[in-house]
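Architecture at a glance
Chain residues, written in single-letter form:
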Amino acid sequence: MNNLPTHIAIIMDGNGRWAETQKKNRTFGHEKGSETARLITTYCSGNSEIQRLTLYAFSTENWKRPKLEVEFLMKLLEKYLKRELPAYLENNIRFEPIGDLSAFSSSLQKTIKNVCNATAHCTGLIQSLALNYGGRDEILRAVNKLNENQTPITAQSLNNALDSVSDVDLLIRTGGDHRISNFLLWQSAYAELFFTDTLWPEFNVDELEKIISQFKKVERRFGGVN
Ligand code: FPP
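Since this is a predicted model, take the numbers as computed values, not measurements.

Attention shifts here to unusual backbone geometry. Of note, the phi angle at asparagine 182 is positive, near 65°, even though the residue is not glycine. With respect to the helices and strands, asparagine 182 occurs in the loop between strand 5 (170-173) and strand 6 (192-195). Positioned with a positive phi, leucine 184 is a non-glycine residue whose angle comes to about 45°. With respect to the element layout, leucine 184 can be found in the loop between strand 5 and strand 6.

Below, the discussion takes up the site of the ligand. The full set close to the ligand counts 19 residues, and Asp13, Gly16, Arg17, Arg26 and Arg65 are the nearest of them. One nitrogen or oxygen atom from the main chain of arginine 17 is found 2.7 Å from an oxygen atom belonging to the ligand. One of the side-chain nitrogen or oxygen atoms of arginine 65 is found 2.8 Å away from an oxygen atom of the ligand. For the ligand, whose accessible area on its own is 620 Å², the fraction buried by protein is 91%. Only helix 1 (15-21), helix 2 (26-45), strand 2 (52-59) and helix 3 (67-90) provide two or more residues apiece to the shell around the ligand. Per-element accounting of the shell around the ligand gives the leading share, five residues, to helix 2. Of the residues assigned to the shell around the ligand, the class counts are eight nonpolar, seven polar and four charged.

Conventions used here
Residue positions are counted from 1 within each chain, in the order its sequence is given. Totals for whole chains, interfaces and linings use all residues, but because this is a predicted model, local features are given only for residues with pLDDT of at least 70 and pairs of side-chain atoms are given and counted only at 80 or more. The side-chain numbers reported here are obtained from all heavy atoms of the structure, hydrogens and water having been left aside. Helix and strand definitions here come from DSSP, where helices need a minimum of 4 consecutive H or I residues and strands a minimum of 2 consecutive E residues; each element is numbered from the N-terminal end. For this purpose, a residue is taken to be near a molecule or strand whenever a single non-hydrogen atom of the residue falls within 4 Å of it. In protein, a polar contact means a hydrogen-donor-capable atom and an acceptor-capable atom, both N or O and within 3.5 Å, with residues adjacent in sequence counting only if both atoms are side-chain atoms; elsewhere, any N or O pair within 3.5 Å suffices. Surface accessibility in these figures is a Shrake-Rupley result with a 1.4 Å probe; residues are shielded only by whichever protein chains are displayed. Gly is put with the polar residues, along with every residue not named as nonpolar or charged; the nonpolar set is Ala, Val, Leu, Ile, Met, Phe, Trp, Tyr, Cys and Pro, and the charged set is Asp, Glu, Lys and Arg.

What follows is the structure, encoded as structure tokens:
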């Protein structure tokens, strides 16, 4: 058995609770969480088995958070993308966001587009940030797009119309909860699910490596028999 974790997706949960343990504001947790995102991305870019890393950075439901927290997350995202661009280029990482970006400020949209364009030639890891992303929203947008053609929708045509066209092999959620929270619903149909109590700011490469080695031992049958 030697499964390759070609596409890893992560629900980065627990920033707020980690900040509480430090007697700090929730935003401190998000800031630290963005550093974990960088460390995990760099590790994945150096592991040739991993082709795509999708990180759930802002869901379609996250707008319900307090206004100040949402504003902070928007600023953090913009800062992160601007700061990380040299590292993307240095590590040959292509940045590909998924989600409905139209809800973001024009400045943030411009930054996202700039980083996409600047890294479009990169051939290593694809880092996909899920931004204003919801699995149901993604499927609905794809179906509506296909409906304009008035031809029968197939699994293949629907797959190709989604924001993210790559099946997830390994889905990890930090922070102790055991749910999918509207993340990559279509793409995770046969994903192996791993849940850890570690809060995202404390997640690290050692733990990811342990999860990957457990993943490699799993017998994946995709509904068939072995
Ligand atoms: C969940 O923690 C985390 C989020 C809703 C946002 C994820 C954002 C980051 C990791 C930081 C930004 C990342 C990048 C790549 C710029 P929570 O706030 O729900 O934590 P809690 O469950 O402890 O309250």
